Amino acid sequence: AKLLVASLAYGPGDLPPAPTSPECNFTDVSDSDWFAGWVRKACQLGIMVGVGGNKFAPQDPVTRAQAVTAIWRLKDLHDKSSTTGFVDESVLKNELVTAANRTLRGAPPFTDVVVFSFYADAVKDLYNIGVVDGTTSTTFSPDAQVTRGQVAKLLYRALGRWFTLEAPGGEELG
């Protein structure tokens, strides 16, 4: 949650001190947990949601399906403001369409992606624009655990499709 929320330029001062809605009031996330604000902000933005039963499962590993879905949801954020460094939603969607048209790869060849699963559209869309690859040429391995390094790669690829990424010195990265 922290990596995804921080990638949107939110800092500790932007994090909610308490749950902002019943959907983000997880019984396994305490106010004293170092990640509480990051989890709440990710939930508030709709990037990450709970696992059911008012639980977030903050100590559980993340699967490839969950990671890809969270990153896919970044493109659907609403109420972006140029004063916070975000582009207007229509601009973001235009950039996504433009990027997709340039690098369209077609339907993913993965035999293990269940058609109506929570992650199927995310895998399809992100595969199409070159953000997601399979673990083999025909498998995605949705239930396999993902490392922080793999999430960083996915996040960088996704944000590079939607924004011009710059290093702190102003050098363009993507």
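Engineer: When you look at the pattern of salt bridges in this model, what are you seeing that I'm missing?
Structural biologist: Charged atoms that come close allow side chains of opposite charge to pair. Applying the stated criterion across every chain, the model contains 3 salt bridges. The partner of Asp 125 in a salt bridge is Lys 124, with the nearest N and O atoms 3.8 Å apart. Among the residues examined, Asp 125 registers a relative accessible area of 25% and is labelled partly exposed. In this structure Lys 124 comes out as partly exposed when scored by relative accessible area, which is 37%.

Engineer: Would you mind showing me how to read the environment of Val 123 here?
Structural biologist: Residue placement: Val 123 occurs in helix 5 (residues 120-128). The exposure class of Val 123 is buried, given its relative accessible area of 1%. Apart from the residues lying within four places of it in its own chain, the contact partners of Val 123 are Val 68, Pro 108, Phe 110, Val 113 and Phe 140.

Engineer: How do you make sense of unusual backbone geometry when you look at a structure like this?
Structural biologist: Of all residues except glycine, most have a negative phi; of all peptide bonds, most are trans. One non-glycine residue with positive phi stands out, namely Ala 57, at about 60 degrees. Take Ala 57: it is sitting in the loop between helix 2 (36-44) and helix 3 (64-74). Look at Ser 141: it is not a glycine, yet its phi comes out positive at around 60 degrees. By the secondary structure assignment, Ser 141 is in the loop between helix 5 and helix 6 (148-162).

Engineer: Where do I start with the packing of aromatic side chains in this structure?
Structural biologist: For any pair of aromatic rings, the description consists of the separation of the ring centres together with the inter-plane angle of the planes. Here the structure, examined in full by the defined rule, presents 5 aromatic pairs. When the centroid spacing of 5.4 Å and the interplanar angle of 80 degrees are considered together, the rings of Phe 110 and Tyr 127 count as edge-to-face. Here Phe 110, found in the loop between helix 4 (89-103) and helix 5, pairs with Tyr 127, found in helix 5; they are 17 residues apart in sequence, far enough to count as distant. A residue is classified by how much of its surface remains accessible, and Tyr 127, at 14% relative accessible area, is buried. Taken together, a centroid distance of 5.3 Å and an interplanar angle of 85 degrees make the contact between Phe 118 and Tyr 119 edge-to-face. Members of the aromatic cluster, joined through ring pairs, are Phe 110, Tyr 127 and Phe 140. A cation over a ring is seen here: Arg 64 above Phe 140, with NZ or CZ 4.3 Å from the ring centre.

Engineer: So what exactly am I meant to see when it comes to the state of the cysteines here?
Structural biologist: Put plainly, two cysteines are in a disulfide when a covalent bond ties their sulfur atoms together. With the rule as written, the count across this model stands at 1 disulfide. The disulfide partner of Cys 24 is Cys 43, and the S-S distance across this bridge is 2.1 Å. Across the S-S bond of Cys 24 and Cys 43 the torsion is about -85 degrees, and the bridge reads as left-handed. Here Cys 43 lies in helix 2 and Cys 24 lies in the loop between helix 1 (2-6) and helix 2, a separation of 19 residues in the sequence.

Engineer: Explain the confidence of the model for the protein chain to me, please; I cannot follow it from the model alone.
Structural biologist: The predicted coordinates ought not to be read in detail in places where the model reports low pLDDT. Averaged over every residue, the pLDDT of the protein chain is 77; the share at 70 or more is 70%. Below pLDDT 50 for its whole length, residues 98-103 participates in 5 contacts with residues either more than four positions away or in separate chains.

Parameters and conventions
- Residues numbered from 1 in each chain as written.
- Predicted model: local features only at pLDDT ≥ 70, side-chain atom pairs only at ≥ 80, totals over all residues.
- Heavy atoms only, no water.
- Salt bridge = Lys/Arg side-chain N within 4 Å of Asp/Glu carboxyl O.
- Buried < 20%, exposed > 50% of the residue type's maximum accessible area, 1.4 Å probe, protein only.
- Helix = DSSP H or I, 4+ residues; strand = E, 2+ residues; numbered from the N terminus.
- Contact = heavy atoms within 4.5 Å.
- Phe/Tyr/Trp six-rings, centres within 6.5 Å; stacked < 30°, edge-to-face > 60°.
- Lys NZ or Arg CZ within 6 Å of the ring centre and 35° of its normal.
- Disulfide = S-S within 2.5 Å.
- pLDDT = per-residue confidence, 0-100.

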